[in-house]
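# Fold and geometry: a report
Letter by letter, the chains look like this.
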Amino acid sequence: MNTNRLRFAPSPTGYVHVGNARTALFNFLHAEKTGGALVLRIEDTDVERSKREYEENLIKDLKWLGIDWQEGPDKGGEFGPYRQSERTETYRNYGQQLIDAGHAYYCFCTPDELNKAKENAQEQGLQQEYSGKCRKLSAAEAQKRVQNGEPAAIRFKVPENTEITFYDLVREKVTFDSNLISDPIILRSSGIPAYNFSVVIDDYLMKINMVIRGEDHLSNTARQVLLYKALGFDLPKFAHLSMVMGSDNTKLSKRHGSTSLIQFREEGYLPEALLNYLALLGWSPAGGDKVLFTRDELIKDFNIKKVSKSAAIFDYQKLKWMNREHLRLLDDKELGTRMTPFLQRAGFEFTDDPGIIPWIGKTARVLSAYHHLLSEIADGFKQFTSLDYDPAIVSSIADSEEARKVIGIMSAEIAGVPSPVDFSKVAEIIKKIQQQEGIKGKALYHPIRLALTGKESGIELNDFIPIIETGSTLDIKPAVYNMASRLKVFIA
Ligand code: GLU
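Summary of the structure given here. (Residues numbered from 1 in each chain as written. Predicted model: local features only at pLDDT ≥ 70, side-chain atom pairs only at ≥ 80, totals over all residues. Heavy atoms only, no water.)

### Section: the overall build of the protein chain
Each helix and strand counted, the protein chain has 20 helices and 13 strands in total. Rg of the C-alpha trace for the protein chain: 32 Å, well past the compact-globule value of 23 Å for 492 residues, more than 25% over. Oriented by its inertia axes, the alpha-carbon framework of the protein chain measures out at about 110 × 50 × 40 Å. Per-residue burial for the protein chain yields a buried fraction of 47% across its 492 residues. In the protein chain, of all internal contacts separated by at least 6 residues, the share reaching a separation of at least 24 is 75%. Of note, the protein chain has its 63 positive side-chain charges centred 3 Å away from the centre of its 66 negative side-chain charges. (Helix = DSSP H or I, 4+ residues; strand = E, 2+ residues; numbered from the N terminus. Rg over C-alpha atoms; globule rule 2.2 N^0.38 Å. Buried < 20%, exposed > 50% of the residue type's maximum accessible area, 1.4 Å probe, protein only. Contact = heavy atoms within 4.5 Å. Lys, Arg positive; Asp, Glu negative; His and termini not counted. Charge placed at Lys NZ, Arg CZ, Asp CG, Glu CD.)

### A short note on the pairing of strand E1 (residues 5–8)
Burial along E1 is two-sided: the residues Arg5 and Arg7 and Leu6 and Phe8 are all buried. The pairing of E1 with strand E2 (residues 37–40) spans four bridges and is classified as parallel. Considered in E2, the bridge of Leu6 is made with Leu38. In terms of handedness, the path from E1 via helix H1 (residues 18–33) over to E2 forms a crossover that is right-handed. (Pairing = 2+ DSSP bridges. Right-handed = clockwise from strand over helix to strand, strands pointing away.)

### Comments concerning the packing of helix H17 (residues 423–437) against helix H18 (residues 442–453)
Close contact between H17 and H18 brings their axes to 11 Å; oriented N to C, the two are set at 140°. One way to sum up the angle between H17 and H18 is to call them oblique. In this structure, H17 meets H18 at a crossing whose hand is right-handed. Contacts between H17 and H18 involve Ile430, Ile433 and Gln434 on the former and, on the latter, Leu444, Tyr445 and Ile448. Class assignment of the residues belonging to the contact of H17 with H18 gives a composition of five nonpolar, one polar and no charged. (Axes fitted to C-alpha atoms, helices over the stretch in contact; angles between N-to-C directions. Parallel < 35°, antiparallel > 145°, perpendicular 65-115°, else oblique. Left-handed = near helix turned anticlockwise from the far one by under 90°. Nonpolar A, V, L, I, M, F, W, Y, C, P; charged D, E, K, R; others polar.)

### Quick look at the site of the ligand
In the vicinity of the ligand, the contacting residues are Arg7, Ala9, Pro10, Ser11, Glu43, Tyr195, Val199, Arg213 and His217. Measuring from a nitrogen atom of the ligand, one finds a backbone N or O atom of Ala9 at 2.8 Å. The side chain of Arg213 places a nitrogen or oxygen atom 2.8 Å from an oxygen atom of the ligand. When the ligand is considered free in solution it has 300 Å² of accessible area, and contact with the protein chains removes 82% of it. Considered class by class, the residues forming the shell around the ligand number four nonpolar, two polar and three charged. (Near = heavy atom within 4 Å. Polar contact = N/O pair within 3.5 Å; in protein donor to acceptor, adjacent residues only side chain to side chain. Areas by Shrake-Rupley, 256 points an atom, 1.4 Å probe, with all protein chains shown as cover.)

### Considering the side chain of Glu469
As for its position among the elements, Glu469 is in helix H19 (residues 461–472). One buried charged side chain, Glu469, makes no salt bridge at all; its nearest oppositely charged neighbour is Arg486, positioned 7.5 Å away. With residues up to four places along the chain from it excluded, the contact list for Glu469 reads Ser419, Pro420, Val421, Asn482 and Met483. (Salt bridge = Lys/Arg side-chain N within 4 Å of Asp/Glu carboxyl O.)

### Observations concerning the pattern of salt bridges
Considering all chains together, one arrives at 30 salt bridges under this definition. The residue Asp61 makes a salt bridge to Arg265 at a minimum N-O spacing of 3.3 Å. Here Asp61, found in helix H2 (residues 52–65), pairs with Arg265, found in helix H8 (residues 261–267); they are 204 residues apart in sequence, far enough to count as distant. Residues Asp61 and Arg265 agree in their burial class; the two are buried. Note that Glu89 is salt-bridged to Arg92, the shortest N-O span being 4.0 Å. Residue Glu89 and its partner Arg92 are located together in helix H3 (residues 88–100), separated by three residues, close to a single helical turn. The partly exposed category is assigned to Arg92, whose relative accessible area is 43%. Linked by salt bridges that have partners in common, Arg7, Arg41, Glu43, Arg87, Asp202 and Asp203 make up one network.

### Details of the side chain of Arg213
Summarising the element assignment, Arg213 is placed in strand E8 (residues 210–214). Separated by 3.5 Å, the side chains of Arg213 and His240 make a polar contact.

### Some points on unusual backbone geometry
Here the bond from Gly80 into Pro81 is cis, since omega is 0°, no more than 30 degrees from zero. Within the element layout of this structure, Pro81 appears in the loop between H2 and H3. A cis amide bond links Ser419 to the next residue, Pro420, at an omega of 5°. Tracing the backbone through its elements, the reader meets Pro420 in the loop between helix H16 (401–415) and H17. Unlike most non-glycine residues, Asn249 shows phi in positive territory, near 65°. Mapped onto the elements of the fold, Asn249 is located in the loop between strand E10 (244–245) and H8. Using a relative accessible area of 49% as the deciding quantity, one classes Asn249 as partly exposed.

Structural data, given as C-alpha coordinates:
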(Lines give C-alpha, C1' and ligand atoms only; values in the text may rest on other atoms or scores of the structure.)
Protein backbone atom coordinates (compact mmCIF):
# COMPACT_ATOMS: atom_id res chain seq x y z
CA MET A 1 0.00 0.00 0.00
CA ASN A 2 1.20 3.49 -0.84
CA THR A 3 1.59 5.48 2.36
CA ASN A 4 0.64 9.12 2.46
CA ARG A 5 3.56 11.50 2.53
CA LEU A 6 2.78 15.10 3.43
CA ARG A 7 4.90 18.11 4.10
CA PHE A 8 4.81 21.45 5.80
CA ALA A 9 7.18 23.82 4.04
CA PRO A 10 7.55 27.12 5.87
CA SER A 11 9.89 29.92 4.92
CA PRO A 12 11.86 30.89 8.05
CA THR A 13 11.36 34.63 7.61
CA GLY A 14 9.35 35.40 10.75
CA TYR A 15 7.34 33.93 13.59
CA VAL A 16 4.73 31.28 12.83
CA HIS A 17 1.40 32.91 12.01
CA VAL A 18 -1.82 31.12 12.95
CA GLY A 19 -2.68 30.73 9.25
CA ASN A 20 0.51 28.74 8.67
CA ALA A 21 0.05 26.85 11.90
CA ARG A 22 -3.39 25.79 10.69
CA THR A 23 -1.82 24.53 7.43
CA ALA A 24 0.78 22.60 9.43
CA LEU A 25 -1.97 21.20 11.64
CA PHE A 26 -4.14 19.95 8.76
CA ASN A 27 -1.09 18.24 7.24
CA PHE A 28 -0.26 16.71 10.62
CA LEU A 29 -3.83 15.54 11.26
CA HIS A 30 -4.15 13.98 7.83
CA ALA A 31 -0.78 12.24 8.15
CA GLU A 32 -1.59 10.90 11.62
CA LYS A 33 -5.10 9.90 10.71
CA THR A 34 -3.96 7.88 7.69
CA GLY A 35 -0.78 6.46 9.20
CA GLY A 36 1.28 8.57 6.82
CA ALA A 37 4.44 10.61 7.29
CA LEU A 38 4.87 14.36 7.70
CA VAL A 39 8.01 16.07 6.46
CA LEU A 40 9.16 19.47 7.69
CA ARG A 41 10.98 21.23 4.87
CA ILE A 42 12.57 24.60 5.41
CA GLU A 43 12.19 26.85 2.36
CA ASP A 44 15.06 29.21 3.05
CA THR A 45 15.85 30.34 -0.47
CA ASP A 46 15.18 33.97 0.34
CA VAL A 47 18.70 34.55 1.58
CA GLU A 48 18.11 38.02 2.88
CA ARG A 49 14.98 37.34 4.92
CA SER A 50 15.60 33.75 6.06
CA LYS A 51 17.17 33.30 9.49
CA ARG A 52 18.27 30.21 11.37
CA GLU A 53 16.81 31.75 14.50
CA TYR A 54 13.34 31.77 12.89
CA GLU A 55 13.78 28.13 11.91
CA GLU A 56 14.62 27.23 15.52
CA ASN A 57 11.66 29.20 16.80
CA LEU A 58 9.25 27.69 14.37
CA ILE A 59 10.30 24.18 15.36
CA LYS A 60 9.84 25.11 19.02
CA ASP A 61 6.47 26.80 18.42
CA LEU A 62 5.03 23.95 16.36
CA LYS A 63 6.13 21.42 18.98
CA TRP A 64 4.58 23.57 21.69
CA LEU A 65 1.32 23.47 19.76
CA GLY A 66 1.47 19.67 19.62
CA ILE A 67 2.50 19.19 15.98
CA ASP A 68 5.24 16.71 15.24
CA TRP A 69 6.79 15.24 12.11
CA GLN A 70 8.85 12.23 11.12
CA GLU A 71 11.47 13.87 8.87
CA GLY A 72 13.00 17.30 8.92
CA PRO A 73 16.20 19.27 9.47
CA ASP A 74 16.03 18.53 13.19
CA LYS A 75 15.36 14.80 12.70
CA GLY A 76 17.07 13.84 9.46
CA GLY A 77 15.49 11.22 7.22
CA GLU A 78 15.92 9.29 4.01
CA PHE A 79 15.11 12.20 1.70
CA GLY A 80 17.22 15.00 3.17
CA PRO A 81 18.73 17.48 3.34
CA TYR A 82 15.52 19.19 4.41
CA ARG A 83 16.68 22.77 3.97
CA GLN A 84 16.40 24.14 0.46
CA SER A 85 19.59 26.15 0.90
CA GLU A 86 21.43 22.81 1.08
CA ARG A 87 19.94 21.45 -2.14
CA THR A 88 21.09 23.99 -4.74
CA GLU A 89 23.09 21.41 -6.70
CA THR A 90 19.95 19.35 -7.22
CA TYR A 91 18.00 22.33 -8.54
CA ARG A 92 20.82 23.19 -10.92
CA ASN A 93 20.74 19.67 -12.37
CA TYR A 94 17.02 19.78 -12.97
CA GLY A 95 17.31 23.27 -14.47
CA GLN A 96 19.84 21.88 -16.92
CA GLN A 97 17.54 18.97 -17.68
CA LEU A 98 14.73 21.38 -18.61
CA ILE A 99 17.09 23.39 -20.84
CA ASP A 100 18.28 20.23 -22.57
CA ALA A 101 14.72 19.10 -23.17
CA GLY A 102 13.76 22.50 -24.63
CA HIS A 103 11.34 23.31 -21.77
CA ALA A 104 13.46 26.17 -20.47
CA TYR A 105 15.89 28.75 -21.80
CA TYR A 106 18.64 31.04 -20.56
CA CYS A 107 17.65 34.59 -19.88
CA PHE A 108 20.29 37.33 -19.98
CA CYS A 109 18.04 40.26 -19.17
CA THR A 110 19.61 42.31 -16.40
CA PRO A 111 17.75 43.18 -13.19
CA ASP A 112 17.76 46.81 -14.36
CA GLU A 113 16.13 45.96 -17.63
CA LEU A 114 13.50 43.83 -15.91
CA ASN A 115 12.77 46.47 -13.29
CA LYS A 116 12.27 49.10 -15.96
CA ALA A 117 9.85 46.88 -17.84
CA LYS A 118 8.01 46.27 -14.57
CA GLU A 119 7.73 49.98 -13.84
CA ASN A 120 6.47 50.69 -17.35
CA ALA A 121 3.82 48.03 -17.03
CA GLN A 122 2.78 49.44 -13.67
CA GLU A 123 2.52 52.97 -15.05
CA GLN A 124 0.31 51.80 -17.86
CA GLY A 125 -1.77 49.69 -15.51
CA LEU A 126 -0.79 46.55 -17.39
CA GLN A 127 -0.12 43.04 -16.12
CA GLN A 128 3.62 42.57 -15.51
CA GLU A 129 4.76 40.07 -18.05
CA TYR A 130 8.10 38.98 -19.33
CA SER A 131 8.62 40.35 -22.85
CA GLY A 132 9.88 37.01 -24.12
CA LYS A 133 13.07 38.64 -25.40
CA CYS A 134 15.43 35.78 -24.53
CA ARG A 135 12.95 33.09 -25.53
CA LYS A 136 13.72 34.08 -29.10
CA LEU A 137 17.46 33.46 -28.82
CA SER A 138 18.73 30.34 -30.52
CA ALA A 139 20.00 27.58 -28.21
CA ALA A 140 23.47 27.81 -29.78
CA GLU A 141 23.74 31.55 -29.21
CA ALA A 142 22.54 31.30 -25.63
CA GLN A 143 25.01 28.49 -24.96
CA LYS A 144 27.83 30.63 -26.33
CA ARG A 145 26.94 33.58 -24.09
CA VAL A 146 26.81 31.29 -21.03
CA GLN A 147 30.21 29.86 -21.94
CA ASN A 148 31.56 33.38 -22.20
CA GLY A 149 30.63 33.87 -18.58
CA GLU A 150 27.58 36.10 -19.04
CA PRO A 151 25.26 35.81 -16.04
CA ALA A 152 22.12 33.91 -16.99
CA ALA A 153 18.94 32.96 -15.24
CA ILE A 154 16.83 30.05 -16.43
CA ARG A 155 13.26 30.68 -17.48
CA PHE A 156 10.57 28.10 -17.96
CA LYS A 157 8.88 28.08 -21.36
CA VAL A 158 5.17 28.18 -20.58
CA PRO A 159 3.34 26.27 -23.31
CA GLU A 160 0.90 28.41 -25.28
CA ASN A 161 -2.83 27.86 -25.59
CA THR A 162 -2.97 25.22 -22.92
CA GLU A 163 -5.67 24.69 -20.38
CA ILE A 164 -4.04 23.85 -17.05
CA THR A 165 -6.31 21.65 -14.99
CA PHE A 166 -5.88 19.99 -11.65
CA TYR A 167 -8.20 18.47 -9.09
CA ASP A 168 -8.25 19.85 -5.64
CA LEU A 169 -9.79 18.04 -2.67
CA VAL A 170 -11.35 21.27 -1.43
CA ARG A 171 -12.10 23.20 -4.61
CA GLU A 172 -12.58 20.26 -6.99
CA LYS A 173 -11.68 21.06 -10.61
CA VAL A 174 -9.42 24.10 -10.99
CA THR A 175 -8.55 25.52 -14.40
CA PHE A 176 -6.09 28.19 -15.54
CA ASP A 177 -5.30 29.49 -19.03
CA SER A 178 -1.60 29.18 -19.82
CA ASN A 179 -1.74 32.28 -22.03
CA LEU A 180 -2.17 34.36 -18.87
CA ILE A 181 1.13 33.14 -17.44
CA SER A 182 4.38 34.61 -18.67
CA ASP A 183 7.60 32.60 -18.61
CA PRO A 184 8.78 32.53 -14.98
CA ILE A 185 12.38 32.48 -13.83
CA ILE A 186 13.00 29.09 -12.22
CA LEU A 187 16.70 29.51 -11.40
CA ARG A 188 18.27 32.87 -10.80
CA SER A 189 21.71 33.61 -12.18
CA SER A 190 22.99 33.23 -8.60
CA GLY A 191 21.87 29.59 -8.65
CA ILE A 192 19.05 30.27 -6.20
CA PRO A 193 15.83 28.60 -7.31
CA ALA A 194 12.45 30.28 -7.47
CA TYR A 195 9.82 28.89 -5.10
CA ASN A 196 7.70 27.26 -7.84
CA PHE A 197 10.68 25.31 -9.11
CA SER A 198 12.31 24.12 -5.90
CA VAL A 199 8.95 23.13 -4.46
CA VAL A 200 8.23 20.82 -7.40
CA ILE A 201 11.68 19.22 -7.35
CA ASP A 202 11.53 18.70 -3.60
CA ASP A 203 7.98 17.43 -3.45
CA TYR A 204 8.91 14.93 -6.14
CA LEU A 205 12.22 13.81 -4.63
CA MET A 206 10.74 13.63 -1.14
CA LYS A 207 7.94 11.45 -2.54
CA ILE A 208 5.23 13.81 -1.36
CA ASN A 209 1.90 12.57 -2.66
CA MET A 210 -0.40 15.09 -1.02
CA VAL A 211 0.09 18.85 -0.81
CA ILE A 212 -2.08 20.76 1.67
CA ARG A 213 -1.46 24.52 1.68
CA GLY A 214 -3.22 27.88 1.61
CA GLU A 215 -5.32 28.90 -1.38
CA ASP A 216 -3.09 31.93 -1.88
CA HIS A 217 -0.91 29.36 -3.66
CA LEU A 218 -3.57 28.30 -6.20
CA SER A 219 -2.04 30.25 -9.08
CA ASN A 220 1.39 28.92 -8.11
CA THR A 221 -0.02 25.42 -8.31
CA ALA A 222 -0.98 26.08 -11.94
CA ARG A 223 2.67 26.94 -12.69
CA GLN A 224 3.86 23.94 -10.73
CA VAL A 225 1.55 21.62 -12.67
CA LEU A 226 3.25 22.77 -15.88
CA LEU A 227 6.64 22.03 -14.34
CA TYR A 228 5.54 18.58 -13.16
CA LYS A 229 4.46 17.79 -16.69
CA ALA A 230 7.63 19.14 -18.29
CA LEU A 231 9.75 17.10 -15.88
CA GLY A 232 7.65 13.97 -16.38
CA PHE A 233 6.69 13.75 -12.68
CA ASP A 234 3.34 12.44 -11.43
CA LEU A 235 1.15 15.09 -9.79
CA PRO A 236 0.50 14.81 -6.06
CA LYS A 237 -3.02 15.33 -4.72
CA PHE A 238 -3.75 18.94 -3.79
CA ALA A 239 -5.89 20.51 -1.10
CA HIS A 240 -5.93 24.30 -0.88
CA LEU A 241 -7.25 25.75 2.35
CA SER A 242 -9.30 28.92 2.45
CA MET A 243 -7.74 31.97 4.01
CA VAL A 244 -8.02 32.86 7.70
CA MET A 245 -9.79 36.21 8.02
CA GLY A 246 -10.45 38.72 10.77
CA SER A 247 -13.97 39.67 11.84
CA ASP A 248 -14.08 42.39 9.14
CA ASN A 249 -13.46 39.83 6.41
CA THR A 250 -9.97 41.00 5.59
CA LYS A 251 -6.97 38.70 5.87
CA LEU A 252 -6.08 38.15 9.54
CA SER A 253 -3.31 40.54 10.53
CA LYS A 254 -1.83 42.38 13.50
CA ARG A 255 -4.68 44.88 13.27
CA HIS A 256 -7.07 42.20 14.51
CA GLY A 257 -4.98 41.07 17.49
CA SER A 258 -2.34 38.44 18.16
CA THR A 259 -1.43 36.40 15.12
CA SER A 260 1.76 34.50 15.94
CA LEU A 261 1.98 31.35 18.05
CA ILE A 262 4.49 32.98 20.33
CA GLN A 263 2.07 35.82 21.15
CA PHE A 264 -0.70 33.37 22.02
CA ARG A 265 1.68 31.37 24.18
CA GLU A 266 2.81 34.45 26.08
CA GLU A 267 -0.72 35.65 26.70
CA GLY A 268 -1.50 32.36 28.37
CA TYR A 269 -3.39 30.35 25.80
CA LEU A 270 -2.99 26.63 26.29
CA PRO A 271 -1.56 24.82 23.28
CA GLU A 272 -4.37 22.27 23.40
CA ALA A 273 -6.97 25.06 23.21
CA LEU A 274 -5.27 26.78 20.28
CA LEU A 275 -4.82 23.44 18.50
CA ASN A 276 -8.51 22.68 18.99
CA TYR A 277 -9.51 26.12 17.75
CA LEU A 278 -7.25 26.04 14.68
CA ALA A 279 -8.59 22.61 13.68
CA LEU A 280 -12.09 24.10 13.51
CA LEU A 281 -10.97 26.91 11.21
CA GLY A 282 -12.41 25.55 8.01
CA TRP A 283 -13.03 21.99 9.15
CA SER A 284 -16.04 20.69 10.99
CA PRO A 285 -16.64 17.18 12.24
CA ALA A 286 -19.36 15.15 10.60
CA GLY A 287 -22.63 15.34 12.56
CA GLY A 288 -23.08 16.73 16.06
CA ASP A 289 -22.15 20.06 17.54
CA LYS A 290 -19.05 18.92 19.39
CA VAL A 291 -16.49 21.72 19.59
CA LEU A 292 -14.11 20.63 22.33
CA PHE A 293 -11.58 18.13 21.06
CA THR A 294 -8.36 16.73 22.44
CA ARG A 295 -5.49 16.20 20.04
CA ASP A 296 -6.22 12.47 19.87
CA GLU A 297 -9.88 13.09 19.14
CA LEU A 298 -8.94 15.48 16.35
CA ILE A 299 -6.68 12.86 14.81
CA LYS A 300 -9.48 10.31 14.99
CA ASP A 301 -12.22 12.55 13.56
CA PHE A 302 -10.32 14.70 11.05
CA ASN A 303 -11.34 14.34 7.42
CA ILE A 304 -9.68 16.51 4.78
CA LYS A 305 -12.71 16.02 2.51
CA LYS A 306 -14.85 17.90 5.02
CA VAL A 307 -12.77 21.06 4.76
CA SER A 308 -14.81 24.05 3.65
CA LYS A 309 -14.11 26.32 0.67
CA SER A 310 -15.40 29.40 2.44
CA ALA A 311 -13.09 31.71 4.33
CA ALA A 312 -12.56 30.92 8.00
CA ILE A 313 -13.18 33.78 10.43
CA PHE A 314 -10.84 33.97 13.40
CA ASP A 315 -12.99 34.68 16.46
CA TYR A 316 -10.85 35.73 19.43
CA GLN A 317 -13.78 35.51 21.86
CA LYS A 318 -14.49 31.93 20.92
CA LEU A 319 -10.82 31.03 21.29
CA LYS A 320 -10.75 32.62 24.77
CA TRP A 321 -13.82 30.65 25.78
CA MET A 322 -12.21 27.49 24.46
CA ASN A 323 -9.08 28.25 26.44
CA ARG A 324 -11.07 28.38 29.64
CA GLU A 325 -12.82 25.11 28.84
CA HIS A 326 -9.49 23.42 28.21
CA LEU A 327 -7.87 24.76 31.34
CA ARG A 328 -10.76 23.41 33.35
CA LEU A 329 -10.01 19.95 31.96
CA LEU A 330 -6.58 19.98 33.63
CA ASP A 331 -6.22 18.61 37.15
CA ASP A 332 -5.05 20.94 39.93
CA LYS A 333 -1.46 19.85 39.72
CA GLU A 334 -1.21 20.27 35.97
CA LEU A 335 -3.04 23.61 36.03
CA GLY A 336 -0.74 24.75 38.84
CA THR A 337 2.32 23.75 36.83
CA ARG A 338 1.13 25.61 33.73
CA MET A 339 0.40 28.70 35.84
CA THR A 340 3.88 28.81 37.39
CA PRO A 341 5.73 30.83 34.71
CA PHE A 342 2.87 33.31 34.48
CA LEU A 343 2.89 33.86 38.23
CA GLN A 344 6.65 34.31 38.19
CA ARG A 345 6.29 36.86 35.46
CA ALA A 346 3.64 38.63 37.57
CA GLY A 347 6.23 38.95 40.35
CA PHE A 348 5.46 35.93 42.55
CA GLU A 349 8.15 33.73 44.03
CA PHE A 350 7.70 30.35 45.64
CA THR A 351 9.67 27.38 46.84
CA ASP A 352 9.22 23.74 45.79
CA ASP A 353 7.01 23.03 48.80
CA PRO A 354 4.72 20.24 47.45
CA GLY A 355 1.61 22.07 48.66
CA ILE A 356 2.19 25.09 46.45
CA ILE A 357 1.45 23.75 42.96
CA PRO A 358 -1.92 22.16 43.89
CA TRP A 359 -2.88 25.36 45.74
CA ILE A 360 -2.03 27.41 42.65
CA GLY A 361 -4.08 25.01 40.51
CA LYS A 362 -7.13 25.15 42.80
CA THR A 363 -6.93 28.92 43.03
CA ALA A 364 -6.54 29.30 39.25
CA ARG A 365 -9.64 27.14 38.76
CA VAL A 366 -11.66 29.48 41.00
CA LEU A 367 -10.27 32.51 39.15
CA SER A 368 -11.17 30.96 35.79
CA ALA A 369 -14.75 32.05 36.49
CA TYR A 370 -13.50 35.61 35.93
CA HIS A 371 -10.58 35.26 33.52
CA HIS A 372 -9.83 33.17 30.44
CA LEU A 373 -6.08 33.42 29.97
CA LEU A 374 -3.27 32.23 32.23
CA SER A 375 -1.71 35.71 32.25
CA GLU A 376 -5.01 37.28 33.37
CA ILE A 377 -5.46 34.60 36.02
CA ALA A 378 -1.95 35.30 37.29
CA ASP A 379 -2.93 38.96 37.77
CA GLY A 380 -6.01 37.76 39.64
CA PHE A 381 -3.71 36.20 42.29
CA LYS A 382 -2.64 39.68 43.35
CA GLN A 383 -5.86 40.19 45.31
CA PHE A 384 -4.75 37.50 47.79
CA THR A 385 -1.45 39.18 48.58
CA SER A 386 -2.74 42.71 48.90
CA LEU A 387 -4.29 44.62 51.79
CA ASP A 388 -4.56 47.72 49.72
CA TYR A 389 -8.28 48.28 50.35
CA ASP A 390 -10.28 51.04 48.79
CA PRO A 391 -10.73 53.70 51.54
CA ALA A 392 -14.46 53.84 50.72
CA ILE A 393 -14.73 50.17 51.71
CA VAL A 394 -12.84 50.72 54.93
CA SER A 395 -15.04 53.68 55.91
CA SER A 396 -18.26 51.89 54.96
CA ILE A 397 -17.45 49.46 57.76
CA ALA A 398 -16.07 52.10 60.15
CA ASP A 399 -19.21 54.22 59.73
CA SER A 400 -21.65 51.48 60.66
CA GLU A 401 -21.98 50.38 64.24
CA GLU A 402 -23.51 47.09 63.26
CA ALA A 403 -20.75 46.34 60.76
CA ARG A 404 -18.08 47.21 63.32
CA LYS A 405 -19.69 44.84 65.75
CA VAL A 406 -19.77 41.95 63.23
CA ILE A 407 -16.13 42.46 62.28
CA GLY A 408 -15.07 42.90 65.90
CA ILE A 409 -16.59 39.58 66.98
CA MET A 410 -15.33 37.82 63.88
CA SER A 411 -11.82 39.09 64.47
CA ALA A 412 -11.81 38.08 68.15
CA GLU A 413 -13.12 34.60 67.36
CA ILE A 414 -10.68 34.00 64.48
CA ALA A 415 -7.73 35.14 66.61
CA GLY A 416 -8.20 32.04 68.74
CA VAL A 417 -8.18 29.57 65.80
CA PRO A 418 -4.87 28.47 64.30
CA SER A 419 -4.44 29.07 60.57
CA PRO A 420 -5.50 27.54 58.22
CA VAL A 421 -8.99 28.20 59.47
CA ASP A 422 -11.53 25.81 58.04
CA PHE A 423 -14.53 27.30 56.25
CA SER A 424 -16.89 25.28 58.51
CA LYS A 425 -15.38 27.09 61.48
CA VAL A 426 -16.19 30.43 59.83
CA ALA A 427 -19.76 29.28 59.20
CA GLU A 428 -20.03 28.42 62.88
CA ILE A 429 -18.82 31.88 63.92
CA ILE A 430 -21.25 33.57 61.55
CA LYS A 431 -24.12 31.56 63.06
CA LYS A 432 -22.99 32.54 66.52
CA ILE A 433 -23.01 36.26 65.65
CA GLN A 434 -26.47 35.89 64.22
CA GLN A 435 -27.82 34.21 67.36
CA GLN A 436 -25.96 36.40 69.82
CA GLU A 437 -26.50 39.80 68.17
CA GLY A 438 -29.63 39.21 66.12
CA ILE A 439 -27.84 40.57 63.02
CA LYS A 440 -28.71 38.66 59.88
CA GLY A 441 -28.87 38.67 56.09
CA LYS A 442 -27.00 41.39 54.23
CA ALA A 443 -26.15 43.28 57.43
CA LEU A 444 -24.25 40.22 58.59
CA TYR A 445 -22.67 38.92 55.39
CA HIS A 446 -21.84 42.11 53.55
CA PRO A 447 -19.33 43.52 56.08
CA ILE A 448 -17.64 40.13 56.31
CA ARG A 449 -17.30 39.93 52.55
CA LEU A 450 -15.99 43.53 52.34
CA ALA A 451 -13.52 43.03 55.16
CA LEU A 452 -12.13 39.77 53.81
CA THR A 453 -12.05 40.45 50.07
CA GLY A 454 -12.04 44.24 49.88
CA LYS A 455 -14.64 43.95 47.12
CA GLU A 456 -18.39 44.37 46.76
CA SER A 457 -18.62 41.29 44.57
CA GLY A 458 -16.41 38.57 43.17
CA ILE A 459 -15.21 35.24 44.47
CA GLU A 460 -17.66 33.56 46.88
CA LEU A 461 -16.51 33.45 50.50
CA ASN A 462 -16.56 29.66 50.58
CA ASP A 463 -13.91 29.72 47.83
CA PHE A 464 -12.06 32.83 48.98
CA ILE A 465 -11.51 31.76 52.58
CA PRO A 466 -9.87 28.38 51.84
CA ILE A 467 -7.64 30.10 49.24
CA ILE A 468 -6.28 32.72 51.66
CA GLU A 469 -6.14 30.41 54.66
CA THR A 470 -4.16 27.67 52.89
CA GLY A 471 -2.17 30.18 50.86
CA SER A 472 -1.00 32.02 53.99
CA THR A 473 0.64 28.82 55.30
CA LEU A 474 2.70 28.36 52.11
CA ASP A 475 6.06 29.86 51.29
CA ILE A 476 4.90 32.33 48.67
CA LYS A 477 6.20 35.82 48.07
CA PRO A 478 4.57 38.24 48.42
CA ALA A 479 2.76 36.48 51.26
CA VAL A 480 -0.93 35.66 51.14
CA TYR A 481 -2.87 37.50 53.86
CA ASN A 482 -5.11 35.24 55.93
CA MET A 483 -8.40 36.17 57.57
CA ALA A 484 -6.82 37.35 60.82
CA SER A 485 -4.53 39.84 59.09
CA ARG A 486 -7.36 41.11 56.87
CA LEU A 487 -9.77 41.62 59.74
CA LYS A 488 -7.10 43.53 61.65
CA VAL A 489 -7.28 46.33 59.05
CA PHE A 490 -10.71 47.19 60.46
CA ILE A 491 -9.91 47.00 64.13
CA ALA A 492 -8.83 50.35 65.46
N1 GLU B 1 7.36 28.25 1.55
C2 GLU B 1 6.00 28.37 1.08
C3 GLU B 1 5.22 29.24 2.05
O4 GLU B 1 5.63 29.37 3.18
C5 GLU B 1 5.40 26.99 0.98
C6 GLU B 1 4.14 26.89 0.24
C7 GLU B 1 3.82 25.44 -0.06
O8 GLU B 1 3.35 24.78 0.87
O9 GLU B 1 4.09 24.99 -1.14
O10 GLU B 1 4.22 29.82 1.69
